[in-house]
Amino acid sequence: MPGSPGNGAVTRSTLRQQIADALRDEVLAGRLQPGQEFTVKEIAEQYGVSATPVREALVDLSAQGLLEADQHRGFRVHEYSVEDFRGMIEARNLIIEGMFLALDQDRQRFQNLEDPRIVAAVAGVRRRGEEAQRAATAGDLTVLIGYDLRFWRELSALFGNPYLADFLHRLRVQTWVCLVQHLRRLGELRGRLWSGHTELVDALYRRDTAAARAILSAYNDHCLALIEGPAAR
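Residues numbered from 1 in each chain as written. Predicted model: local features only at pLDDT ≥ 70, side-chain atom pairs only at ≥ 80, totals over all residues. Heavy atoms only, no water.

## A short note on the side chain of Asn220
As a reminder, the rule being used: Secondary structure counts use DSSP, requiring at least four H or I residues in a row for a helix and at least two E residues in a row for a strand, with both numbered from the N terminus. Contact between two residues is taken to exist if any of their heavy atoms lie within 4.5 Å; hydrogens are not considered.
By the element assignment, Asn220 lies in helix H9 (residues 209–232). Residues in contact with Asn220, not counting those within four places in the same chain, are Ile89, Arg92 and Asn93.

## Here's the deal with helix H5 (residues 116–138)
As a reminder of what qualifies: In this analysis, the expected span of each helix is defined as 1.5 Å times one less than the number of residues it contains. Only protein chains enter the accessibility calculation, which uses a 1.4 Å probe; a residue is then buried when its area is under 20% of its type maximum, exposed when over 50%, and partly exposed in between.
Helix length check: H5 (23 residues) gives 33 Å between terminal C-alpha atoms against 33 Å at 1.5 Å per residue, within 8%. Looking at H5, one finds that the buried residues are Ile118, Val122, Gly124, Val125, Arg128, Gly129, Ala132, Gln133, Ala135 and Ala136. Of the residues trailing H5, Gly139 is marked for its positive phi of about 75°.

## Some points on the packing of aromatic side chains
What counts here: Ring geometry is summarised as follows: Phe, Tyr and Trp rings, the Trp one being its six-membered ring, pair when their centres sit within 6.5 Å, and such pairs are stacked at plane angles under 30 degrees, edge-to-face over 60 and tilted between the two.
For the coordinates displayed, the defined rule picks out two aromatic pairs. For the pair Phe151 and Trp152, a centre-to-centre distance of 5.8 Å together with 85° between the ring planes defines the contact as edge-to-face. Residues Phe151 and Trp152 agree in their burial class; the two are buried.

## So, the pairing of strand S2 (residues 67–70)
Just so we agree on the cut-off: Strand pairing follows a simple DSSP-based rule, namely that at least 2 bridges must link the two strands.
Where S2 and strand S3 (residues 74–77) come together, four bridges link them in antiparallel fashion. Of the residues in S3, the one forming a bridge with Ala69 is Phe75. The turn joining S2 and S3, which pair antiparallel and follow one another in sequence, is formed by three residues.

## Some remarks on unusual backbone geometry
With a phi close to 65°, Arg207 is a non-glycine residue in the positive phi region. One can find Arg207 in the loop between helix H8 (197–205) and H9.

## Focus: the nonpolar core
This is how the line gets drawn: Here the nonpolar core consists of buried residues drawn from Ala, Val, Leu, Ile, Met, Phe, Trp, Tyr and Cys, with membership extended through side-chain atoms lying within 4.5 Å.
By size, the foremost hydrophobic cluster in this structure holds 67 residues, and its most contacted members are Leu141, Trp176, Leu183 and Leu200. Those residues in contact with Leu200, other than ones at most four positions away along the chain, are Phe151, Trp152, Leu155, Ala212, Ile215 and Leu216.

## Remarks on the packing of helix H4 (residues 82–105) against helix H7 (residues 162–183)
Applied cut-off: A fitted line through C-alpha atoms represents every axis, and for helices the fit uses only the stretch in contact; the resulting angles, taken between N-to-C directions, go from 0 to 180 degrees. Just so you know how the angles are binned, under 35 degrees is roughly parallel, over 145 roughly antiparallel, 65 to 115 roughly perpendicular, and the rest oblique. Two helices crossing with the near one rotated counterclockwise from the far one by less than a right angle form a left-handed crossing, whereas a clockwise rotation gives a right-handed crossing. Put simply, Ala, Val, Leu, Ile, Met, Phe, Trp, Tyr, Cys and Pro go in the nonpolar bin, Asp, Glu, Lys and Arg in the charged bin, and everything else, Gly too, in the polar bin.
Two numbers describe how H4 lies on H7: the axes approach to 10 Å, and their chain directions differ by 155°. When the axis of H4 is compared with that of H7, the two are roughly antiparallel. Two packed elements cross with a definite hand, and for H4 against H7 that hand is left-handed. Side by side, H4 and H7 meet where Val82, Phe85, Met88, Ala91, Arg92, Ile95, Ile96 and Met99 of the first sit next to Leu164, Phe167, Leu168, Leu171, Arg172, Gln174, Thr175, Cys178, Leu179 and His182 of the second. Tallied by class, the residues present in the contact of H4 with H7 amount to 13 nonpolar, three polar and two charged.

## Considering the pairing of S3
Across two bridges, strand S1 (residues 37–38) lies against S3 in antiparallel orientation. For Glu37, the partnering residue across the bridge sits in S3 and is Arg76.

## A look at the sheet that holds S3
With respect to topology, three strands assemble into an open sheet ordered S1-S3-S2, the strand pairing being antiparallel. At either margin of the open sheet sits one strand with a lone partner, and together these are S1 and S2.

## Here we look at the packing of H5 against helix H6 (residues 141–157)
At a closest axis distance of 8 Å, the pairing of H5 and H6 adopts a crossing angle of 155°. By the angle between their directions, the pair H5 and H6 is classed as roughly antiparallel. H5 and H6 meet at a crossing whose hand is left-handed. Between H5 and H6, the residues in contact are Gly124, Val125, Arg128, Gly129, Glu131, Ala132, Ala135 and Ala136 and Val143, Leu144, Tyr147, Asp148, Arg150, Phe151, Glu154 and Leu155, respectively. Among the residues forming the contact of H5 with H6, the class breakdown is nine nonpolar, two polar and five charged.

## Focus on the confidence of the model for the protein chain
For the record, the criterion: Scored from 0 to 100, pLDDT records how confident the predictor is in each individual residue.
On average, residues of the protein chain score 86 in pLDDT, and 89% of them reach the 70 mark or higher. Looking at the elements of the protein chain, mean pLDDT is at its lowest for helix H1 (residues 4–28), recorded as 74, and at its highest for H6, recorded as 94. For residues 1–10, every residue scores under 50 in pLDDT, and the model assigns this stretch zero contacts once sequence neighbours within four places are set aside.

## Looking at the environment of Ala132
Structurally, Ala132 is set in helix H5. Linking Ala132 and Asp148, residues 16 residues apart in sequence, is a C-alpha distance of 5.7 Å.

This is the structure:
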């Protein structure tokens, strides 16, 4: 029938993304450990699907730097060092600095406080930040990661460049995968995780990029201080 091949391709593409998202969440939750190996067949059997979308999902995650492909042994979870984390912070800062410069140069951005679209969008970002802060205070790393990723995705979308927002999201996912490998070694995380999300969005809403830069600098220093100890040990 006309259209059947297309529908099949869409279904497979959707399944591919679902598997990739599920495996990414497994890595972020620490259920797939750094260096852990698995095959396409094992994952296909685990999810009860065919090998093709699984292989495609694993290749996608490898391209994002979350997995490593081994021609003979399948795939393994990539293991990150503190130096990797430093490199990711540098890359992340370059992207965010570009966003801050755009905010400095565009005198109208975020300025029309009566625009209901801006008000609603900023309020939504702030709610994500509040949820992230609650999770950070409670030491719930899994919940924190989910809200933090949503917070940054929605915050970066306010700058109007979907390519920039998508690139930053991918980098933040990779950063969290790296960070979580070290944070899981710390045990109790209650009160030890960064929780300055609402301060950041409020600073940007005021167009105070100097304060926003200071908040992010403190954030980066905080994360490095947390993981350098466990990594060294």
